[in-house]
Amino acid sequence: MRILVVCGAGASSTFVAQRINAAARARKLAYSATATNEASLAQDVQTTDLVLLGPHLAPHLEQIQALAEPHGVAVVLLGKDVFADLDGTRTLARIEEAIRDGATRPTPATN
């Protein structure tokens, strides 16, 4: 599954993506998380399966969902505690919750 973590400038999303990748590797899940910023999202959303949106972008949720919808990509708003999730396990649980809820389906990771 290709996961795109989005924040305003791309800095904090890089840390979240790295933690998701570490947590997924520990569980042998074929997830690949990368980071991007809000300005690059229109291009990046075309090659992903799931968008994780930083909590500070909540006011833009509907706009980003509208951008992702034509590509069949689900958008999940992360909680305010995402940056305190140092091992990525809570964020990984949120991804799995989205999959269980049918927001997206797992696909093989691509590198």
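For the structure itself, look to the data block above.
Residues numbered from 1 in each chain as written. Predicted model: local features only at pLDDT ≥ 70, side-chain atom pairs only at ≥ 80, totals over all residues. Heavy atoms only, no water.

1. Quick word on helix H4 (residues 89-100)
Step number 1: For H4, with 12 residues, the first-to-last C-alpha span of 16 Å sits near the 16 Å given by 1.5 Å per residue.
Step number 2: Buried residues of H4: Thr91, Leu92, Ile95, Glu96, Ala98 and Ile99, and no others. One face of H4 carries all of its buried residues, which in axial projection span an arc of 155°.
Step number 3: Next to the buried residues of H4 lie strand S1 (2-7), helix H1 (11-26), strand S3 (50-53) and strand S4 (74-77). (Helix = DSSP H or I, 4+ residues; strand = E, 2+ residues; numbered from the N terminus. Expected span 1.5 Å × (residues − 1). Buried < 20%, exposed > 50% of the residue type's maximum accessible area, 1.4 Å probe, protein only. Arc of directions from axis to C-beta. Contact = heavy atoms within 4.5 Å.)

2. Describing the pattern of salt bridges
Step number 1: Applying the stated criterion across every chain, the model contains four salt bridges.
Step number 2: Two residues, Arg90 and Asp81, come together in a salt bridge whose shortest N-O distance is 3.3 Å.
Step number 3: In this structure, Arg94 engages Glu97 in a salt bridge whose closest nitrogen and oxygen atoms are separated by 3.3 Å. Taken together, the residues Arg94 and Glu97, both in helix H4 and three residues apart, mark about one turn of the helix.
Step number 4: Since its relative accessible area comes to 27%, Arg94 is described here as partly exposed. (Salt bridge = Lys/Arg side-chain N within 4 Å of Asp/Glu carboxyl O.)

Read these as layout, nothing more, since geometry by itself doesn't imply function.
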